[in-house]
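Residue-level listing of the chains:
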Amino acid sequence: MSTVARQFAHTLKEIGVRYVFGVPSGNMIDYIEALRREEGIEFVLVGHESTAAFMAGVCGRLTGIPGVCFGTFGPGATNLSTGVGCAFLDRFPMLAFTDEMPEHLRNRKVQMNIDHQALFQPITKWTTRFSNDNVSEIILKAAGIAVTEVPGPVHVGVPAGIGLFVAEETETPVKYLRLEKEPPQDSFLESLDKAKKLLTQAKKPVLAVGLSAVRTNLKPRIAKLAEKLNIPVVLTPMAKGIFSEDHPLYAGVLFHALSDRVAKIYSEADLVIGIGYDPVEFNYEQWMPPVPLIHADTTPADVDEDFIENVVNLTGEIEKTLEVLLNIECVDNHWNTKKLLQNKKELFSFFEPAKESFGPVEILAELRKALSEDGILTLDVGAHLHLAGQMWKTPSPEKLLMTNGWSSMGFAIPAALAAKLCHPELPVACLTGDGGFLMMAGELATAKRLNLKIVFVVINDNSLSLIRIKQGKKGYNENYGTPLQNKISEPANHFFGVPAVRTSNTSEFKKALKTAFVSDGPVVIEAVVESSNYDSFLLKPNK
């Protein structure tokens, strides 16, 4: 007969989980041993529980199978919660397990004891606990909830002391649920009639594509719809790659660098068509002109109705909705294709590397050349994210990983570790600022231990540059609370055994990249720049 711990490991393996990330606890060692004995699934030790959750979230993002992480009582759970929140707002399917006190101690004053159910309730789709008679049932139900639209994390408490108990479950199989809610047919058809009317009346519609579209592999259909309607396309940052930057109808990324240049196009719109648009990245009313909105997504639009008065929700499976939109008779619009191309040309002209200069633009340009098109780049939060989000040529969404819903610093290094584990055959690079690097530098030891071939590029501008620029825009002292004072006269030659090299010009950086991408393990490249390099690109008006 199987134990609770063996049932735990076997059920996770059966649903396709490859890795469980975490930091061991005394209670969890029974489960770690079960994972060791279960073929096809591994426990991966990390340096911090937030790393475990970030990695689990990215595995969920890349595979579609819930990523799995673990944290112990109290501080283990609160550390884990940072990455669980990331999965919640960035829509990554995840199962987050934590130790919990046994029933008779849950409400007692006990060392490390807090209410984990209350902790995780606001940042998960569901929180529960299992016992020795429902391990598989809870895990399968949790996995189904995690992957069902809108995907996200589920928290499961693991009561202390039951790992070696006999798993007393019925043999009735529990389905791994993927529940999709279909809209009432009459309501959808009524909304569709309204959408058709708006489309036939519009002279300058704009297509706005967001995060939900990424999960449903809509890239060919979105291009087909844009071409049929002959209208410009704007993307949210996490949808970057779903519509080619080389396409003549591409107009840019919302919210990121030089957003005022992108606004030159969409500010002329008399209708916005949102496809898979998730406002967790950027609310409609923060950028839209006051025009009607057609919103095609799995959930209704979340908008300020005082600003956007005319909203038509086409709620349901986005693929089916797109097929319907593609069958609508299109009408001629008033967009000037030459003007669209000229605006895009001007936008990207600002990202041309300058001779005898070395800053974030040059770093991104050289990194783009060095990383093959099938490679994955992970980005941390900060000034460089806003720049890369607009500048980086992205062949498909899974090739550029960022957090723009949760927006936590420290994301990029764990994301790179997870990406390499999920796709060991692909080159992986990580781009982080010095602030984000300081938060997660210890995970280089994890990269070294696992021998993950990743190129870590650290932009060292000695500042929290994005905050510094925001301070300046409000007329505050730009040098209070943001300088990191992290530059040292003698550069480090390794971090936890990972080779490191400092560069301060384009020639040095190109040479370091060439060496790093043919190395047998992880490499850190420090790129020293001035924080003022960002000033002309960031926090431009969206209206």
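Within every chain, residues take consecutive numbers counted from 1 along the sequence as written. For a predicted model such as this one, the threshold for reporting local features is a pLDDT of at least 70, and the threshold for listing and counting side-chain atom pairs is 80 or more; totals across whole chains, interfaces and linings nevertheless cover every residue. The side-chain values count all of the structure's non-hydrogen atoms but skip hydrogen atoms and water molecules.

Asks: What is the right way to look at the packing of helix H1 (residues 4-14) against helix H6 (residues 135-147) in this model?
Replies: What describes two packed helices is the angle between their axes and the distance between those same axes. At a minimum axis separation of 9 Å, H1 and H6 run at an interaxial angle of 30 degrees. Relative to H6, the element H1 lies roughly parallel. For the pair H1 and H6, the crossing hand works out as right-handed. Taking contact as the criterion, the partners of Val4, Gln7, Phe8, Thr11 and Leu12 in H1 are, on H6, Val135, Ser136, Ile139 and Leu140. A fitted line through C-alpha atoms serves as each axis, taken over the contacting stretch for helices, and the angle formed by two N-to-C directions is quoted from 0 to 180°. Secondary structure elements are defined from DSSP: runs of H or I of at least 4 residues count as helices, runs of E of at least 2 residues count as strands, and each element is numbered from the N terminus. Note on terminology: angles under 35 degrees are roughly parallel, angles over 145 are roughly antiparallel, angles of 65 to 115 are roughly perpendicular, and the others are oblique. For any pair of crossing helices, the crossing counts as left-handed if the nearer helix is rotated counterclockwise from the farther one by less than a right angle, and right-handed if it is rotated clockwise. The criterion used for residue contact is that any of the two residues' heavy atoms lie within 4.5 Å.

Asks: Explanation requested: the sheet that holds strand S8 (residues 233-235) in the structure shown.
Replies: Sheets are built from strands paired through backbone hydrogen bonds, the pairs being either parallel or antiparallel. Two strands pair if DSSP finds at least two bridges between them. Read across the sheet, 6 strands follow the order S9-S8-S7-S10-S11-S12 without closing on themselves; strand pairing throughout is parallel. Two strands lie at the open edges of the sheet, namely strand S9 (250-253) and strand S12 (311-315), each paired on one side alone. Within the sheet, the average angular offset between the axes of one strand and its neighbour, ignoring direction, is 20 degrees. Of the strand pairs in this sheet, strand S7 (residues 205-209) and S8 are connected by 3 bridges, and their pairing is parallel. Along S8, the bridge assignment pairs Val209 with Leu235.

Asks: Where do I start with unusual backbone geometry in this structure?
Replies: In this structure, the amide linkage connecting Glu149 to the following residue, Val150, adopts the cis form with an omega of -10 degrees. As for its position among the elements, Val150 is in the loop between H6 and strand S6 (153-159). Phi is positive for Asn217, close to 55 degrees, though the residue is something other than glycine. Note that Asn217 resides in the loop between helix H8 (211-214) and helix H9 (219-229). The phi dihedral of Asn451 falls on the positive side, at around 55 degrees, and the residue is not glycine. One can find Asn451 in the loop between helix H17 (444-450) and strand S16 (454-460). Here Asn451 falls in the partly exposed class, since its relative accessible area comes to 47%. Exposure is judged per residue with a 1.4 Å probe applied to protein chains only, and the accessible area is read against the type maximum: over 50% gives exposed, under 20% gives buried, and values in between give partly exposed.

Asks: What's the story with the pattern of salt bridges in this structure? I'm lost.
Replies: Pairing between side chains of opposite charge can happen when their charged atoms approach one another. Salt bridges are counted wherever a side-chain nitrogen of Lys or Arg sits within 4 Å of a carboxyl oxygen of Asp or Glu. If you walk through the whole model with that rule in mind, you get 16 salt bridges. Glu38 is paired through a salt bridge with Lys13; the nearest N and O atoms lie 3.0 Å apart. Note that Glu38 is positioned in the loop between helix H2 (29-37) and strand S2 (42-45) and Lys13 in helix H1, a separation of 25 residues in sequence. Glu38 sits in the buried class, given a relative accessible area of 9%. Using a relative accessible area of 24% as the deciding quantity, one classes Lys13 as partly exposed. Beyond isolated ion pairs, a larger network of salt bridges with shared partners links Lys204, Glu268 and Lys339.

Asks: What is the right way to look at a negative patch on the surface in this model?
Replies: Taken together, Asp304, Glu305, Asp306 and Glu309 make up a surface patch of like negative charges. With respect to the helices and strands, Glu309 occurs in the loop between strand S11 (293-297) and S12. Each patch is built from residues that are more than 30% exposed by relative accessible area and take part in no salt bridge. Like charges join if they lie within 9 Å; nonpolar side chains (Val, Leu, Ile, Met, Phe, Trp, Tyr) join within 5 Å. Reported accessibility uses the Shrake-Rupley method at a 1.4 Å probe radius. Residues are deemed covered only where the shown protein chains occlude them. Positive: Lys, Arg. Negative: Asp, Glu. His and the chain ends are not part of the count. Here the site of a charge means NZ on Lys, CZ on Arg, CG on Asp, or CD on Glu.

Asks: So what exactly am I meant to see when it comes to the sheet that holds strand S5 (residues 126-129) here?
Replies: Read across the sheet, 6 strands follow the order S2-S1-S3-S4-S6-S5 without closing on themselves; strand pairing throughout is parallel. Single-partner strands in this sheet number two, and they are S2 and S5. Ignoring which end each strand starts from, the neighbouring axes of this sheet average 25 degrees apart. Looking at chain direction, strand S4 (residues 94-100) and S6 are connected through 7 bridges and run parallel. Pairing of Asp99 across the sheet is with Val158, part of S6.

Asks: Help me understand the nonpolar core in this model?
Replies: Within soluble globular proteins, side chains that are nonpolar tend to cluster in buried spots. With 153 residues, the main nonpolar core has Leu207, Ile222, Phe243, Ile275, Tyr284, Trp287 and Phe456 as its most contacted residues. Definition used in this section: a nonpolar core is a set of buried Ala, Val, Leu, Ile, Met, Phe, Trp, Tyr and Cys residues joined via side-chain atoms within 4.5 Å. Counting residues in hydrophobic clusters, the runner-up holds 30 residues, among them Phe8, Ile32, Phe97 and Ala146.

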